[in-house]
Amino acid sequence: MKLNANRLELIEVAQGLRPADKFIKNGTVINVYSGEFLQQHIAIYKDSIAYVGDSEASVGEKTKVIHADGMYISPGYIEAHAHPWVMYNPVSVTGKVLPLGTTTTVNDNLFFYLNMGATGFKEMIKDLIHLPGNFFWLVRLVSQAEFPGEREWFNLRDVRELLELDEVLGTAEVTRWPLLYKGDPFLLDTMQVVKEKKKVVDGHTSGCSYDKLNSVVASGVSACHEAISAKEALDRLRLGMWTTLRNSSLRPDLPEIIKILTESNVNIHRVMMTTDGPHPSFIEEEGFVDGLVRQAVKLGIPPIHAIQMVTINPAVYLRLDDYIGGIAPGMQADILLLPDLVSFRPEQVISKGKIVAKSGKMTVPLPEIDWNKYVVKKTFSITKSTLEDVNLYRYPHIEPKELVPVVRFRSNVITERKDMELPSLKGYADLSDHEGLLYAVLIHKDSQWVSKGILERFAVHLDGMASTYNTTTELLVVGRKPEAMAKAAVRVRELGGGIVIVDGDESVLEIPLPFTGMMTTGASFDVAVKQHERLLTFMQDRGFPFHDILYTLLFLTCDFLPGLRLVPYGLYEVKTDEILLPATEPTSVYV
């Protein structure tokens, strides 16, 4: 990070030899270094803090004095593990969370990189420098589902090039952590490069036992947010990992994992908190990092500790504590004026020395971005006529008495194998007498392959749905009627990406997601909220039994969570590492 104010200027302001630009008067400073609450003034010059104390010598004729009587003055909140692609985009989510006090987000680049490569992603980073607040990145080393050509796309040269950027703070989570456990050469070589650059290695160790966790830590991973119990969190902390307590739309686990602090006498200095990419409605209802602090305090955490876990602790982890994370001379002026220590929602937000939000509303403009100029992959090359063929959506070649492996949903994202005997109709599985069973097809947008499966406990009365919102960003089509599935698939192709639901012959829900097939392109966060709420309502009306449809769609096509998955290589059983039904070319499914 680089500050606009030079050191001599800050010294002069601190000594009253140069007037401050802004002066926060009579607030109670939350000192995250000492753990104290101190009645002090703060002098700001350009983008930096010059003075914290009792003196008013830096107040000049043109100094803007901000009266903070009765206010608590906090460092800006830091989200060290963000996913800015859950229908919203980097601009729209910033416009929502910055007024809530999150002045720094560190973001996963997965779907940007998958569609842009290194060149397009670097161009986008340059344009997003104009966003208010601090917007940093962690770069992926592999995708969340292996695909043909993955290792050429995620190559060491491009990844190293991205790691040179100041805006890139390290590597993002490797969700397929068994690759690290087995000592994958590419990952280990890259980890070493990251360590030499003194950057961070974020982790994802869901379901990893304590003994296996040792190997993952030895590979270079330094943080994990995947603990779902206090014991798991403590295991990670004891092995030297920065341990991030999560509360998200998919995993609202904070009441359980916070027990690592409320029931164990552990040091909080390597403990952080994250929202881990919540869906838009969750942010609207529960807040963002402010919501983490609010809930942690309700659960018994002292306010100073809750604030330290979202300010100085992540700043130290990210190697940015010389610039952000606290209120002290020489630090960037990311400051919140909090009316109380209950809501933790700021009355004013100062970022880089500028007032960027008041009373929950932005006071500075957001940049206008032409998102699709960075994308290098074609949106759809598969033809309309291919998508219209109803045989593309049927499960193939069922013999009498043959057991079919069905993907049964146990929860939002965890599945299990259920072998069923199904009747055959013209060589295909006939689901007409099995309420709740649906065809599922993953189609490559460039016609290279199609993977097929059958789902149970996804929905009941769903004629057809198509979605590019999934881990692969290819075309996922689900339904009980191949004709409706075909209509939904064609419509998503026409939209250039998104989610479509068809009842009979009628398209009843259309959500355009033209940016990478995952995101809206506008600056309005409210649009993403409304679209998400409509989608969830439509799906629950059709029998979807869970609470987070976006993550169900996202992770059905991954290859690292338990159960059966629909991936680019076919119907995949994670536990046995076996392809049960290999993918085929789309043309080979015709009869």
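What counts, and at which threshold
- Residues numbered from 1 in each chain as written.
- Predicted model: local features only at pLDDT ≥ 70, side-chain atom pairs only at ≥ 80, totals over all residues.
- Heavy atoms only, no water.
- UniProt positions renumbered as here; feature names shortened; annotations may be inferred.
- Helix = DSSP H or I, 4+ residues; strand = E, 2+ residues; numbered from the N terminus.
- Phe/Tyr/Trp six-rings, centres within 6.5 Å; stacked < 30°, edge-to-face > 60°.
- Buried < 20%, exposed > 50% of the residue type's maximum accessible area, 1.4 Å probe, protein only.
- Lys NZ or Arg CZ within 6 Å of the ring centre and 35° of its normal.
- Axes fitted to C-alpha atoms, helices over the stretch in contact; angles between N-to-C directions.
- Parallel < 35°, antiparallel > 145°, perpendicular 65-115°, else oblique.
- Left-handed = near helix turned anticlockwise from the far one by under 90°.
- Contact = heavy atoms within 4.5 Å.
- Nonpolar A, V, L, I, M, F, W, Y, C, P; charged D, E, K, R; others polar.
- 1 Å grid on protein atoms, 1.4 Å probe; cavity = no way out; pocket = protein on both sides within 12 Å on 5 of 7 lines; lining within 4 Å.
- Points joined across faces, edges and corners; volume = space filled by probe spheres on them.

Undergrad: In this structure, what is going on with the UniProt feature "domain: Adenine deaminase C-terminal" (unreviewed entry) in the protein chain? I would like to understand it.
TA: Within this structure's numbering, the places UniProt gives as "domain: Adenine deaminase C-terminal" (unreviewed entry) are residues 413–576. In residues 413–576, the share of helix is 24% and the share of strand is 34%. The end C-alpha atoms are 18 Å apart.

Undergrad: Got a minute to help me understand the packing of aromatic side chains in this structure?
TA: The relation between two aromatic rings is expressed through the spacing of the ring centres and the mutual angle of the planes. Per the stated rule, a full pass over the model turns up 16 aromatic pairs. The interplanar angle of 85° and the centroid separation of 4.7 Å between the aromatic rings of Trp85 and Phe111 together place this pair among those described as edge-to-face. Separated by 26 residues along the polypeptide, Trp85 in the loop between strand E6 (77–82) and helix H2 (90–97) and Phe111 in helix H3 (residues 110–128) bring together distant segments of the chain. Classification of Trp85 by relative accessible area gives buried; the value is 2%. For Phe111, a relative accessible area of 0% gives the class buried. Put simply, the rings of Phe112, Phe121, Phe135, Trp137, Trp371 and Phe515 pair up and form one aromatic cluster. We note Lys212 situated over the ring of Tyr181; from NZ or CZ to the ring centre the distance is 5.5 Å.

Undergrad: Hey, could you run me through the packing of helix H5 (residues 156–163) against helix H7 (residues 185–196) in this one?
TA: It is at 11 Å that the axes of H5 and H7 come closest, and there the two elements cross at 20°. Taken together, the axes of H5 and H7 are roughly parallel relative to one another. Considering the relative orientation of H5 and H7, their crossing is right-handed. Contacts between H5 and H7 involve Leu156, Val159, Arg160 and Leu163 from the former and Phe186, Thr190, Val193 and Val194 from the latter. Looking at side-chain class alone, the contact of H5 with H7 contains six nonpolar, one polar and one charged residues.

Undergrad: I would appreciate a short explanation of the layout of surface pockets in the present structure.
TA: When its volume is computed, the second largest pocket comes out at roughly 670 Å³. Ile129, Leu131, Gly133, Asn134 and Lys352 are the residues nearest the centre of the second largest pocket, which is lined by 23 residues in total. At the level of elements, H3, strand E8 (134–139) and strand E16 (354–358) are the ones that each hand at least two residues to the lining of the second largest pocket. A total of four residues in the lining of the second largest pocket trace back to one element, the largest contributor, which is E8. Of the residues in the lining of the second largest pocket, the class split is eleven nonpolar, six polar and six charged.

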